[in-house]
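Coordinate analysis (summary)
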Amino acid sequence: GVSAPLLNLSLPTLAPDALFGARFSIPYDLNKNLGVGTYRTLSSNGLLNTTLAFADGSVFATFDVAVDFKILAATATVDLSNSKVYTSTETFYASASSAYFLASDSSIGPATAVWWGGSRDTLTIPMISSCTSQKVTAVVKAQQVSCSSYWQMSAGRGADNCGHQLVLTADPYDATLGQNTWIKNYPGCTFSTHPARPVVIGSFRWHEPEAGKRLGALVLNVQITTPSSPTKPLQPIPKPVAPPITSKPVTAKPVTAKP
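Note that the structure is a prediction, hence the values are computed from the model and not measured.

Here is what the cut-offs are and how they apply
- All chains use their own residue numbering, which begins from 1 and follows the written sequence.
- In view of the model being predicted, local features appear only for residues whose pLDDT reaches at least 70, and side-chain atom pairs are presented and counted only at 80 or more, with totals across whole chains, interfaces and linings using the full set of residues.
- Here the side-chain values reflect all heavy atoms present in the structure, with hydrogen atoms and water set aside.
- Here a helix means four or more residues in a row that DSSP labels H or I, a strand means two or more in a row labelled E, and each is numbered from the N terminus.
- Exposure categories follow from relative accessible area, calculated using a 1.4 Å probe and restricted to protein chains: below 20% of the type maximum is buried, above 50% is exposed, and the middle band is partly exposed.
- We call two N or O atoms a polar contact when they sit within 3.5 Å, provided that within protein one can donate a hydrogen and the other can accept it, with sequence-adjacent residues counted only if both atoms are side-chain atoms.
- By definition, residues are in contact when any of their heavy atoms lie within 4.5 Å.
- Any pair of cysteine sulfurs within 2.5 Å is marked as a disulfide.
- In summary, the pairing rule links any two rings of Phe, Tyr or Trp, Trp by its six-membered ring, whose centres are within 6.5 Å, and it sorts them by plane angle into stacked for under 30 degrees, edge-to-face for over 60 and tilted for everything else.
- Placement of a charge over a ring requires the Lys NZ or Arg CZ to be within 6 Å of the ring centre, with the centre-to-atom vector within 35 degrees of the ring normal.

Time to look at the side chain of Gln152. Along the chain, Gln152 falls in strand S12 (residues 149–152). Its relative accessible area of 10% is what places Gln152 among the buried residues. Engagement of the side chain of Gln152 in a polar contact is seen with the backbone nitrogen of Gly118, the distance being 2.6 Å. Within the structure, Gln152 has its side chain in polar contact with the side chain of Ser154 (distance 2.9 Å). Leaving out residues up to four positions away in the same chain, Gln152 has contacts with Val114, Gly117, Gly118, Ser119, Arg120, Asp121, Ala142, Gln143 and Gln144.

Here it is as structure tokens:
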């Protein structure tokens, strides 16, 4: 479809053949109490009729809008604080084949599979915290493990019957690469994915028959708690030292023996 700004009623006239429309959104704050499930327009035909009119009320266009969105149930809360490693409890099997993992959002991770691949993929996960109004990006190493071997999550390899699990680890702070520098900028804070934007990663079969078949999905709430600022150790209170005891030398008096 076409996205266009809302009609500006301050315009005295409409330009010939101008394109006008309406923009729709679903504000999280107004819908945060909605439960897991699929939501659609409630009408006899599943459509929301929309009317565009001039300031005087005369209608110049009408169109129908269908609303359809899902709220997914999280499969896990992933804590990547302090170099923790997340390995999915879910194991995905592709009989006589291999499996691979893809992100549903290409801005977060790979959305296309490759053959064999390397040691890792990289996820860039937007995160928020009550400590700051700034959104940060967590750089995360993404792998899969199968038959005790680790490689990039989006790569298919040789056929076997081993299960496949997703493995995630936050990359370390690196000022040179500009990688996860926010970890030191906001000490003692917990960052997490927005409740409306979990990380969704699907698992798929590589080989024929049924190459590309979806085996399942992980819906992940990711969080990282940054280390607190180091505190100086308390210094022990020195004990008072008693002044040294001095004594005057004693001179013995000569003793004269009596006859």
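Additional details are given in the paragraphs that follow.
Relative to the helices and strands, Ser154 is located in the loop between S12 and strand S13 (155–156). One polar contact links Ser154 to Asp121, side chain to side chain, over a distance of 2.8 Å. Not counting the four nearest positions on each side in its chain, Ser154 is found in contact with Tyr100, Phe101, Leu102, Pro110, Thr112, Ala113, Val114 and Asp121.

So, on to the state of the cysteines. By definition, a disulfide is the covalent link that joins the sulfur atoms of two cysteine residues. With the rule as written, the count across this model stands at 2 disulfides. Disulfide pairing places Cys131 opposite Cys189 at an S-S distance of 2.2 Å. Between Cys131 and Cys189 the sulfur-sulfur dihedral comes to about -105 degrees; the bridge is accordingly left-handed. Here Cys131 is found in the loop between strand S10 (121–129) and strand S11 (132–146), whereas its partner Cys189 is found in the loop between helix H2 (182–185) and strand S15 (190–192), with 58 residues between them in sequence. Relative accessible area serves as the criterion here: at 42%, Cys131 is assigned to the partly exposed category. Cys147 shares a disulfide with Cys162; S-S distance 1.7 Å.

As enumerated under the stated definition, the model contains 8 aromatic pairs in all. For the pair Tyr39 and Phe69, a centre-to-centre distance of 5.3 Å together with 15 degrees between the ring planes defines the contact as stacked. Of this pair, Tyr39 sits in strand S1 (residues 37–40) while Phe69 sits in strand S4 (residues 68–71), and the two are 30 residues apart along the sequence. Accessibility expressed as a relative area gives 25% for Tyr39, which makes it partly exposed. Judged by centre distance (6.0 Å) and plane angle (55 degrees), the rings of Trp115 and Trp116 are tilted. According to the relative accessible area criterion, Trp116 is partly exposed, its value standing at 46%. Aromatic ring contacts, followed pair by pair, group Tyr100, Trp115, Trp116, Phe204 and Trp206 into a single cluster. In this arrangement the basic side chain of Arg157 is found over the ring face of Trp116, its NZ or CZ atom lying 4.5 Å from the centre.

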